[in-house]
Amino acid sequence: MKNKNNLGESLNNAMRSLWNNKVVVMFVVLCVFGIATSGKSVSHTVTEVFTRFGRNAFLVLALIIPVLAGLGLNFGIVVGAIAAQIAIFWVVSWGFTGVTGLLMCVLICTPLAILFGWLVGKLYNKTKGSEMITGMILAYFADGLYQFLFLFLIGGVIPVNNPTLIINGGVGVKNTIDLTGNIKYALDTISMLSIIQVLYIILAVITAAKLISRLVKKRELHLKSLLLRFAAATVVFALTFVPAVQTFLGQDRLLLLNAVELACLGAALFAVYLLLKGMVGEKKPFAQCYKRPVALAIVAGIVYALTYVTAIFQILIAVSLPVCTYLLIAVICFFNRWILSTKLGQDMRTVGQSRTVANSAGINVDKTRIIATCISTVLASWGQLIYLQNLGTFQTYGAHSMVGQYAIASLLVGGASVQKANNKQAILGVVLFHTLFVVAPLSASNLFGSALIGEYFRVFICYGVIALSLAMHAWKVIAKKKEEKAQSDAAPAES
Amino acid sequence: MKSKLKSAYQAIGLPRLIISAFFLIVLIMAGVYNIGIPALLGDVLRRWGMYGVLVLAMVPAIQCGIGPNFGISLGIVCGLFSSLIAIELNIAALPCFASTPVLGQWCSMLFAMVLGALIAWFVGVAYGLLLNRVKGSEMTVSTYVGLSIIAFMNILWVTLPFKSGDIKWPIGGEGARNTISLENSFGELLNKTGGFYLIGSEESGGLFIPTGLLVFFFLMCLLIYLFMRSKTGKAMTAAGANPNFARASGINVDKMRILGTAVSTSLGAVGIITYAQAFGFLQMYNAPLMMGFHCVAAILIGGASISKARISHVIIGTFLFQGLLVIALPVANKVLVGTDLSDIMRMIISNGIIIYALTKAKGGTASNEE
């Protein structure tokens, strides 16, 4: 009897969590259906999705901070993308290439994005409560200014003498700018070896700086832990000189198979570490601390075993990840989490929950909102850099126009809402949204004999999911208000 | 004197002052560059009537409290659909109109308008029900409802089995054409009705007065004016201006909002048909995507806010906005040769004015309901 109850309850819970994640569930179903009817091999789809993930994830992750700060979905990230594109144009016209070119882009677009973000934040502060509609309109407005700059001012007012970039006649920038040979794959082709080298140097500098500052301020040195960390890093660095390791790390792309293997190895090592920490460090008996490590090891084992299944193996060897780009995506995920633990992040949360409470707690609401917008704009501009260096062709007048829509739709597909968003939802959303994006035209041409239907369908999905979730959010807010009102009406009656 | 100036300035408002000044400047520049002013003015009048009804659709929406109706695309697609039906049935060339082709054209257009308005009414009621659930964020929701309906109808335009040669691609191609000629149905019907050259002639680029079009536009304005002055219209305005007060005086606020939305959507359907006949083509697919924004911008330029609009705002705003675009285009082409500035200008002006209106709105939402 009790068991039956439990079963019913857990079934109930499962149903409820399915209902709460109905958008995600719907898209999973759509994606599976799409993949099944696309008529292409799964590995083709997976390859495409991984490419698109590397391209777009950063932009979607740029949306999270404004949501936390109560600004809603920042349609204004288009402005950040525009900053990046202005930077790319100048860098290309000056003739910088490769990593130098990319770094130049970052150097130019970051201050621009901060300036734009500050202006957008100011505007949002003037239109509190309707940031989203302002952002939408602002995106179009900024697009107009951008086109004015690129079609008339460049060449017309600002002299640029570069026949590969400027329209014949000397006024206005060409429709497409080919990035091949200058910054295409500039980030994607940074090898693992150079990443490790750079990280090692950074660590060395930080260690030295810490030592010096502690010496100067005459604080305790903690020499042992510092040196231990540095020594560990040196060992890792030394390992890179082993020829086999060196050739492996010399690559810039990591085969998905290798990535999975490495992850499994990492998980197994972590499990051993946990076990050792529990038994030796905290001196607990084996029976108390075996559960997590063993579970972890089993999962790692199963995943590793799965790589030997032919179908999965074929997918895994078809996909190769650009390491540096994926690393940056991971870093931005950590950044989004880390910022919540800072004072600024806490302030943002408070502002997001209630501006009045935040104000009475002594938080400068307007400033916090501006900072959140600035961060989002800067991240968006970097995201657009990543996007364009991977794509390799820069559509001067179209590259930015759908940035906001696609990023926001991705985030919403992952189950986020206007008030709640996190990294997990962003990543899941990018995967689902872009899977659908890849398979929709293929399936439509398979099913209806017309790829056009699929194209329109995916645009419809993009707009539709935004409309749906905005409507559901507004609905919820009203229901909540009514509830509160009913409660406050009921309260005096009781007393 | 100073206070008088100040009050005049406040009555006109900064954006209208800038736009009017701009309008005059480009007009003078057109004269300086020796561009045929009569033809330009004729074009201004044509565009005025062309966009007028679409902009008029904003009035009931703003007055009933849902704010500027960015979702006017709902009405637009209804109008497009009914026009397609009228072409498909080939009403203009029915045997009974063989002796009087003009009558056939009229029937074709009126059929499209009535059918479009009717479909749009039902769509508008459903849309109003949705907007009642999302009070306070009507603008955000309606923008995306507008965008998604266009994308959705794109799928339909591709798949609907139309047979008429005017609609289908001549060879190959799927679904309806991008632009569908109205030559065989009701193209330029209103424009030509009573239209005449005030100055010059067609060859010399004279000033053409599209009498029928303007009369129709003003007639629609008058109808909406009378509607807004009627008991229902007043109740609707009250519901939009102060929902709590309206509720206290026994007005069903939600019903009034639905009514306003339905009227607005129906006007959208009639508006796009007016637009299409003046243009001579139906523009399918993504062409109407941004039309909602332009309509909102026009009425805001006319002096409306996101919670208050009058018929005069429609008339002034459409004239200024469209007139400016029409005149600026050839002037810009003379100044900066070989480029199309008008689209960019439209983008900057229309979105700039909407942003300006948003910053002026207190509390940020159209409805004051707490």
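As the structure is a computational prediction, the values presented were derived from the model and not from experiment.

### Quick look at the overall build of chain B
Looking only at helices and strands, chain B has 15 helices and 4 strands in total. Counting only C-alpha atoms and orienting by the principal axes, one finds that chain B spans roughly 60 × 50 × 35 Å. Buried residues in chain B amount to 52% of all 370 residues. Contacts in chain B between residues far apart in sequence, at least 24 positions, make up 76% of those at least 6 positions apart.

### A word on the overall build of chain A
Within chain A one finds 21 helices and 4 strands. Against the compact-globule benchmark of 23 Å for 495 residues, chain A has a radius of gyration of 26 Å, which places it among compact chains. Oriented by its inertia axes, the alpha-carbon framework of chain A measures out at about 80 × 75 × 65 Å. Scored against the burial criterion, the 495 residues of chain A give a buried share of 38%.

### With respect to the interface of chain B and chain A
Counting from both sides, the interface comprises 37 residues of chain B and, opposite them, 41 residues of chain A. For the side of chain B that touches chain A, the per-class residue count stands at 19 nonpolar, 15 polar and 3 charged.

### Side note on the environment of Ile-315 of chain A
All names here are of chain A. Along the chain, Ile-315 falls in helix α14 (residues 310-318). Ile-315 sits 270 residues away from Thr-45 along the chain, and the two C-alpha atoms are 9.4 Å apart. Look past the residues within four positions of Ile-315 in its chain and what remains in contact with it is Val-42, Ser-43 and Val-46.

### Here we look at the packing of helix α3 (residues 42-61) of chain A against helix α15 (residues 323-341) of chain A
Residues and elements named next belong to chain A. Where α3 contacts α15, the axes come no closer than 9 Å and their chain directions differ by 15°. When the axis of α3 is compared with that of α15, the two are roughly parallel. In this structure, α3 crosses over α15, and the sense of that crossing is left-handed. Between α3 and α15, the contacting residues are Gly-54, Ala-57, Phe-58 and Leu-61 on the first element and Thr-325, Tyr-326, Leu-328, Ile-329, Ile-332, Cys-333 and Asn-336 on the second.

### Describing helix α18 (residues 365-391) of chain A
With 27 residues, α18 of chain A ought to run about 39 Å at 1.5 Å a step, and its terminal C-alpha atoms sit 39 Å apart, in line with that. The element α18 of chain A is largely enclosed, with a buried count of 23 among its 27 residues.

### Quick notes on helix α2 (residues 14-32) of chain B
All names here are of chain B. Taking 1.5 Å of rise per residue, the 19 residues of α2 would be expected to cover 27 Å, and the 27 Å separating its terminal C-alpha atoms lies within 8% of that figure. The set of residues buried in α2 consists of Ile-19, Val-26 and Ala-30. In a view along the axis of α2, the buried residues occupy a sector of 45°, so they form one face of it. Opposite the buried face of α2, by more than 90 degrees, sit the exposed residues Leu-14, Leu-17, Ala-21, Leu-24, Ile-28, Gly-31 and Val-32. Residue Asn-34 follows α2 closely and has a positive phi angle near 60°.

### With respect to the environment of Thr-393 of chain A
Residue and element names in this part refer to chain A. Inspection of the secondary structure assignment puts Thr-393 in strand β4 (residues 393-395). Note on Thr-393: 13 C-beta atoms within 10 Å, which makes it partly exposed. When the C-alpha positions of Thr-393 and Ile-177 are compared, they lie 6.0 Å apart, and in sequence the two are 216 residues distant. Not counting the four nearest positions on each side in its chain, Thr-393 is found in contact with Thr-176, Asp-178 and Leu-179.

### Quick look at the domain arrangement of chain A
According to the domain assignment, chain A consists of domain 1 (40-187 + 320-476) and domain 2 (191-251). Between domain 1 of chain A and domain 2 of chain A, the C-alpha centre-to-centre distance is 34 Å.

### What to know about unusual backbone geometry
Working note: non-glycine residues mostly have negative phi, and peptide bonds are mostly trans. Even without glycine at this site, Tyr-185 of chain A takes up a positive phi of about 60°. Relative to the assigned elements, Tyr-185 of chain A resides in the loop between β1 (176-178) and α8 (192-216). In the Ramachandran plot, Tyr-285 of chain B falls in the positive-phi region, its phi being about 55° despite a non-glycine side chain. Relative to the assigned elements, Tyr-285 of chain B resides in the loop between β4 (281-283) and α13 (291-301).

### Digging into the packing of helix α6 (residues 98-126) of chain A against helix α7 (residues 131-156) of chain A
Residue and element names in this part refer to chain A. The interhelical angle for the contact between α6 and α7, taken along N-to-C directions, is 135°, at an axis separation of 9 Å. In terms of their interaxial angle, α6 and α7 are classed as oblique. Here α6 runs over α7; the crossing is right-handed. Taken together, the residues of α7 that come into contact with α6 (itself represented by Val-120, Leu-123 and Tyr-124) are Glu-131, Thr-134 and Leu-138.

### Points about the confidence of the model for chain B
All names here are of chain B. When pLDDT is averaged along chain B, the result is 83, and 94% of the positions lie at 70 or above. Within chain B, strand β2 (residues 196-199) has the poorest average pLDDT of any element, 74, and helix α12 (residues 253-279) the best, 91. Both scores are given for the predicted complex: the pTM is 0.84, the ipTM 0.81.

Conventions adopted
- Residues numbered from 1 in each chain as written.
- Chains lettered and ligands numbered in written order.
- Predicted model: local features only at pLDDT ≥ 70, side-chain atom pairs only at ≥ 80, totals over all residues.
- Helix = DSSP H or I, 4+ residues; strand = E, 2+ residues; numbered from the N terminus.
- Buried ≥ 20, exposed ≤ 12 C-beta atoms within 10 Å, placed from the backbone.
- Contact = placed C-beta atoms within 7 Å.
- Rg over C-alpha atoms; globule rule 2.2 N^0.38 Å.
- Nonpolar A, V, L, I, M, F, W, Y, C, P; charged D, E, K, R; others polar.
- Axes fitted to C-alpha atoms, helices over the stretch in contact; angles between N-to-C directions.
- Parallel < 35°, antiparallel > 145°, perpendicular 65-115°, else oblique.
- Left-handed = near helix turned anticlockwise from the far one by under 90°.
- Expected span 1.5 Å × (residues − 1).
- Arc of directions from axis to C-beta.
- Domains from an automatic or database assignment.
- pLDDT = per-residue confidence, 0-100.

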